[in-house]
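Chains, contacts and geometry: an overview
The lines below spell out each chain.
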Amino acid sequence: LGRLLPELWQKILEENLDQNDMVALASTCRFFRDTTGDLGKKLVTNLSEDHFLKLLKSGNVPPHSLDWFQWASDTLEFLPGFDCDDEERVEGVAYEGDLLNYAASQGSVEILRWLMEDKGWEPNLYTVGEWAGFGGSVEVLEYLL
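Here's a quick rundown of the structure. (Residues numbered from 1 in each chain as written. Predicted model: local features only at pLDDT ≥ 70, side-chain atom pairs only at ≥ 80, totals over all residues. Heavy atoms only, no water.)

Brief notes about the overall build of the protein chain
Filter applied, for reference: Helix and strand definitions here come from DSSP, where helices need a minimum of 4 consecutive H or I residues and strands a minimum of 2 consecutive E residues; each element is numbered from the N-terminal end. Exposed residues in this analysis have more than 50% of their type's maximum accessible area, buried residues have under 20%, and partly exposed residues fall in between, with area computed by a 1.4 Å probe over protein chains only. Residues count as neighbours in contact if any of their non-hydrogen atoms are within 4.5 Å of one another. Values of accessible area rely on a 1.4 Å probe in the Shrake-Rupley scheme; residue burial ignores everything except the protein chains shown.
The helix and strand inventory of the protein chain stands at 9 helices and 2 strands. Starting at the N terminus and ending at the C terminus, the protein chain contains elements arranged as α-α-α-α-α-β-β-α-α-α-α. Residues classed as buried in the protein chain amount to 39% of the 145 residues present. A separation threshold of at least 6 residues defines the contact pool for the protein chain, and within that pool the share at least 24 residues apart is 57%. Total accessible area on the protein chain is roughly 8600 Å²; 50% of this is exposed by carbon and sulfur atoms.

Shown next, in the form of C-alpha cells:
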C-alpha cells in the first residue's frame, strides 16, 4: 500500500469514499488512517440532516449494510431522540433519530427493524416517514404503519 503515490490515494478517496466511510475504513487499516491524515482529510462521520439531504439530492448516497449500522450504533455516541434544530444539537454527537432517518431514506426495513426492536430506539414517525419518502421507499412506509 505504501508504494501508491499520494495523488493516487487522493483519487481513491475522492472518487470512491464518502466522508462517512472514512472512519470505518481507518479503524481497520493503519496505513489508510495515516495516509488519510497526510492528505488533509478529516476522519469524522457526519450524521446531520443537512449532510444526508445533500447526499440524497446529489444521487450519491452510498447504501450501508446492517453491519455498518451496527458498527456505527456501537462505536459512535448517540443521544436519544432527534433534534433537527442545529442550534439545539449537542456538538460532536449524533441522535438515534439520525440513524433511523438514514435507514429509512435508504429503504431498509431490516435495518429499521433492528434499530427499533433490538436497540430499542424510538422513531419519530413523522421524520422517519418523511425520510422514507425522500428515499422513495414504500416498504418502509408500510412497515411504519
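Let's talk about the pattern of salt bridges
Note the following rule: Salt bridges are identified by distance alone: a Lys or Arg side-chain nitrogen within 4 Å of an Asp or Glu carboxyl oxygen.
Applying the stated criterion across every chain, the model contains 1 salt bridge. Across the salt bridge formed by D74 and K119, the nearest N and O atoms sit 3.2 Å from each other. Taken together, the positions of D74 in helix α5 (residues 66-75) and K119 in the loop between α7 (109-118) and α8 (125-135) put the pair 45 residues apart, joining distant regions of the chain. Under the relative-accessibility criterion, D74 is labelled exposed at 57%.

Looking at the nonpolar core
Quick note on the threshold: To form a nonpolar core, buried Ala, Val, Leu, Ile, Met, Phe, Trp, Tyr and Cys residues must be joined to one another through side-chain atoms within 4.5 Å.
Among the nonpolar cores identified, the biggest contains 22 residues, and F69, L99, A104, L112, L115 and V140 are the most heavily contacted of them. Listed by contribution, the elements that provide at least two residues to this core are α5, α6 (96-105), α7, α8 and α9 (138-144). Beyond its immediate chain neighbours, meaning those up to four positions away, A104 contacts L112, V128, W131, A132, S137 and V140.

A few points about α7
Residues of α7 that are buried include every one of V109, I111, L112, W114 and L115, and no others. If you follow the buried residues of α7, they end up packed against α5, α6, α8 and α9. After α7 finishes, the residue G120 shows a positive phi value of roughly 75°.

A short note on the packing of aromatic side chains
The criterion, for reference: Pairing of aromatic rings covers Phe, Tyr and the six-membered ring of Trp, with a centre-to-centre limit of 6.5 Å; geometry is then stacked below 30 degrees between planes, edge-to-face above 60, and tilted otherwise.
Counted under the stated rule, the structure contains 6 aromatic pairs. Ring geometry for W68 versus F69: centroids 5.2 Å apart, planes at 85°, classification edge-to-face. Using a relative accessible area of 9% as the deciding quantity, one classes W68 as buried. Ring centres of F78 and W121 lie 5.3 Å apart, and the angle between their planes is 45°; on these two criteria the pair is classed as tilted. Of this pair, F78 sits in strand β1 (residues 78-79) while W121 sits in the loop between α7 and α8, and the two are 43 residues apart along the sequence. For the pair formed by F78 and W121, the shared burial category is buried. Through a chain of ring-to-ring contacts, three or more aromatic side chains come together here, namely W68, F69, W71 and Y102.

Considering the side chain of E96
Under the convention used in this document: Charge assignment in this entry is limited to Lys and Arg as positive and Asp and Glu as negative, and neither His nor the chain termini are counted. Any pair of nitrogen or oxygen atoms within 3.5 Å is treated as a polar contact; in protein, a donor-acceptor pairing is required on top of that, and neighbouring residues in sequence qualify only through side-chain atoms on both sides.
Take E96: it is sitting in helix α6. Nearest to the buried, unbridged E96 among oppositely charged side chains is K119, at 7.7 Å. Here W121 takes part through its side chain, which lies 3.2 Å from a polar atom of the side chain of E96. Look past the residues within four positions of E96 in its chain and what remains in contact with it is F78, L79, P80, G81, W121 and E122.

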